[in-house]
Protein chains: 2
Amino acid sequence: MEDIDIITNERCKDVLLAIIEGYLATANPVGSKFVSENYYLNLSPASIRNIMAILEEGGYIYQPHFSAGRVPTAKGYKFYVESLMKTEKISKKQRETIKKTFHLENRNMGDILHQTSRALSDLSHYTGIVLAPETSQTNLLHIEFVRVKPNNILVIMVFKNAIVENRLIYVYKDIKQNELNGYSDRLNEIIEKRDCGIDELRNIIESEMCDDKENLYSILNGTILNFTNNPDRNLANSLYIGPETVLLDEPEFSNNKQIKFFIKTINDKKIIIKLLGLAKNCETKRIFIGSDAEWSEITGLSLITAPYLSEDKALRGSIGIIGPSRMNYSQVIPIIDFIAEFLGEII
Amino acid sequence: MEDIDIITNERCKDVLLAIIEGYLATANPVGSKFVSENYYLNLSPASIRNIMAILEEGGYIYQPHFSAGRVPTAKGYKFYVESLMKTEKISKKQRETIKKTFHLENRNMGDILHQTSRALSDLSHYTGIVLAPETSQTNLLHIEFVRVKPNNILVIMVFKNAIVENRLIYVYKDIKQNELNGYSDRLNEIIEKRDCGIDELRNIIESEMCDDKENLYSILNGTILNFTNNPDRNLANSLYIGPETVLLDEPEFSNNKQIKFFIKTINDKKIIIKLLGLAKNCETKRIFIGSDAEWSEITGLSLITAPYLSEDKALRGSIGIIGPSRMNYSQVIPIIDFIAEFLGEII
DNA sequence: ATTTAGCACTTAACTGCTATGAGTGCTAAG
DNA sequence: CTTAGCACTCATAGCAGTTAAGTGCTAAAT
């Protein structure tokens, strides 16, 4: 019943908006007097207190202690983001900052993703995160063998999304560069004709290239033959995280328990990957507001994410901004939207 | 005068050693009574107090406040590390842990450096740092052009140290893969014959390959022609830093001012690069103990570094471990030594 | 001549107490 | 339905008092 009231009742919404905006601005619990004085609602503190009681019962705000002001709950933030907030448009200045951050002339995939995390951090003043597009899904474009020194071969794999992977492997038999070129030429022919990914290429080699199996196997062992078998490495390389230092000066991180929780959360790649992985497969942006009930891994923090998609739709990843739940959503959300779109265009 | 006393006087050294070891173990200022009871010096607290007064005058220890025990100063730590400490040998267990951390079958340069920072962190329980060997100094081994899509060419450069760099560039004229192969073949011929680095190759192209200048220039623009012009990127890519979270539980990081200072220091790549850059050009390991007087950028922290060198001496970089000044030097130093040597062998 | 016991002293840290102030819920009047 | 008034709650700050740790100094002991 209260839910319906709050959502339809204009006055309730006004007060909730005032409380949230007040809290975002001051980082202190906001009281009835503050709302009455600073927002033009033409209501006395006592009236506002009545409304606050309703909002509290509905679970949108709570009191840290009896005689304190009110603080938005996760539910409150969610309602604010979905219904109350007016997002600001991204300014020309910000647009220019973004374009400056990307040095477009001189780039590779790693650079771009790294610059994206920087752009996210710089503009939002929170911590930007970029999840790289998955490599294994994409088909191969080119393969190359380079003999680095006797018995050591560097295998370079180029994927259609312009991502380059390389592995240095040891082979018992020293294969000359000329011979290597023969192998790579033949594999590249197959790659071009069949338009295949790693798994398919592996099958083709096994079924159709019996004559060279021995040599090819010793070259490819540890690369194509077990490409995705290193989760640790994939974790580390597919995530680009901006500096967490920008956040340390936020007032909520003044007690060291929270600082530690925050630093540990940001550094726990499993959590971040999990959430950004969810975001990747969404159609549109998604907002994770941490609370004990939902997304308890990031209690007190919020993560705003958006998927990005290359123009040919071959590449799909996601970006995000993580910061305190008391976050400037109305500024951050357009930034995320803009950068996700921009990133989709340039990759 | 006091200096001479302390360095020659056995009793002074014993007490200093006791104080430092006591402080390393407990993280609390150590008093005369504690030393007298826990170390077999056969001295009463009063006698130890007399010696402490001498040590304090010499600047090796200090009192946080009047009625507190003594804490080593940076000078004290330095003397301890150089003259007092007995380094423990690295255990078999640790040796095995290191070898497990490196998956030797399946590696590339980035992986290895990343694993190194992990190994440093895991073994020391502090934060490991790896400075990658400089790329620009090394000569080229191979160059390859791959047409990713119309007008987009991926330039792959392989250096003799097995480091692979790639850049995606836009060219106004769409060059087919066949033509690209021609260019790369010719460049690879040059590279093999002349054994040259990027700068030399650039000169050779400019002076000797006039006929193809136009096409080659549009391909190479932004790669070979201005290879090192992206300091930001170099900074980010050449440094591998282990998790800082391991350190957060150290007792010195219980007040939030110190946590913030520490996190900011670790994340300030300029500081780290500066110190590891110094270390790289040293012959042997080096220990930076932060104090207001010396290395004030890392006050309260210590950084132990060692250079590493590949067997053919082409590759030179450095590794380090950063942690609180109250660090377990006797365990960390052999770890650094061992890993620096190990890394030199496998790259 | 050194070592040590004893003592007065200093300081941080903790304790319990009180006053203050911010903010509330409730009630009754407008 | 709004609001003024009032009693109530709780965090915070400040203050005096206590405790524990550890010191420096002096005089006695070895």
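Quick note: structure is the one above.
Predicted model, so just to flag it, every value in this text is computed and none were measured.

Colleague: A description of the nonpolar core should follow, citing residues and the corresponding values.
Modeller: Of all hydrophobic cores here, the largest spans 158 residues; its most connected members are A:Tyr329 and B:Tyr329. Apart from residues lying up to four places away in sequence, A:Tyr329 is in contact with A:Tyr77, A:Tyr80, A:Val81, A:Met85, A:Ile287, A:Ile289, A:Ser302, A:Ile304 and A:Pro334.

Colleague: For a negative patch on the surface, give the residues involved together with the corresponding values.
Modeller: The grouping of A:Glu311, A:Asp312, A:Glu341 and A:Glu345 at the surface amounts to a negative patch. Mapped onto the fold, A:Glu345 is located in helix H14 (residues 329-346).

Colleague: Residues and numbers for the pattern of salt bridges, please.
Modeller: Residue and element names in this part refer to chain A. Evaluation of the coordinates by the stated rule reveals 30 salt bridges over all chains. Put simply, Asp199 and Arg202 hold a salt bridge, and the shortest N to O gap is 3.3 Å. One end of the pair, Asp199, and the other, Arg202, are both in helix H9 (residues 198-208), 3 residues apart, so they sit about a helical turn from each other. Among the charged side chains, a network of salt bridges with common partners joins Arg147, Asp174 and Lys176.

Colleague: Quick one: what's the story with the interface of chain A and chain B, residue by residue and with numbers?
Modeller: Listed as interface residues are 47 residues of chain A and, on the opposing side, 46 residues of chain B. Across the interface of chain A and chain B, roughly 4,200 Å² is buried in total on both sides, 52% from carbon and sulfur atoms. If you look at where chain A meets chain B, you find 2 salt bridges. When the shortest N-O distance is used, the salt bridge between A:Asp249 and B:Lys264 registers 3.3 Å. At the surface where chain A touches chain B, the tally comes to 8 residue pairs in polar contact (both at pLDDT 80 or more). At the level of secondary structure, the elements contributing two or more residues to the side of chain A that touches chain B comprise helix H7 (109-124), strand S4 (140-149), strand S5 (152-159), strand S6 (164-170), helix H11 (231-237) and helix H12 (256-267) of chain A. Here the side of chain A that touches chain B takes 7 residues from S4(A), the largest share from any one element. Of the residues assigned to the side of chain A that touches chain B, the class counts are 16 nonpolar, 16 polar and 15 charged.

Conventions we followed
- Residues numbered from 1 in each chain as written.
- Chains lettered and ligands numbered in written order.
- Predicted model: local features only at pLDDT ≥ 70, side-chain atom pairs only at ≥ 80, totals over all residues.
- Heavy atoms only, no water.
- Core = buried A, V, L, I, M, F, W, Y, C linked by side-chain atoms within 4.5 Å.
- Buried < 20%, exposed > 50% of the residue type's maximum accessible area, 1.4 Å probe, protein only.
- Contact = heavy atoms within 4.5 Å.
- Patch = residues over 30% accessible without salt bridge, like charges linked within 9 Å, V, L, I, M, F, W, Y side chains within 5 Å.
- Areas by Shrake-Rupley, 256 points an atom, 1.4 Å probe, with all protein chains shown as cover.
- Salt bridge = Lys/Arg side-chain N within 4 Å of Asp/Glu carboxyl O.
- Lys, Arg positive; Asp, Glu negative; His and termini not counted.
- Charge placed at Lys NZ, Arg CZ, Asp CG, Glu CD.
- Helix = DSSP H or I, 4+ residues; strand = E, 2+ residues; numbered from the N terminus.
- Buried area = accessible area lost by both parts, 1.4 Å probe.
- Polar contact = N/O pair within 3.5 Å; in protein donor to acceptor, adjacent residues only side chain to side chain.
- Nonpolar A, V, L, I, M, F, W, Y, C, P; charged D, E, K, R; others polar.

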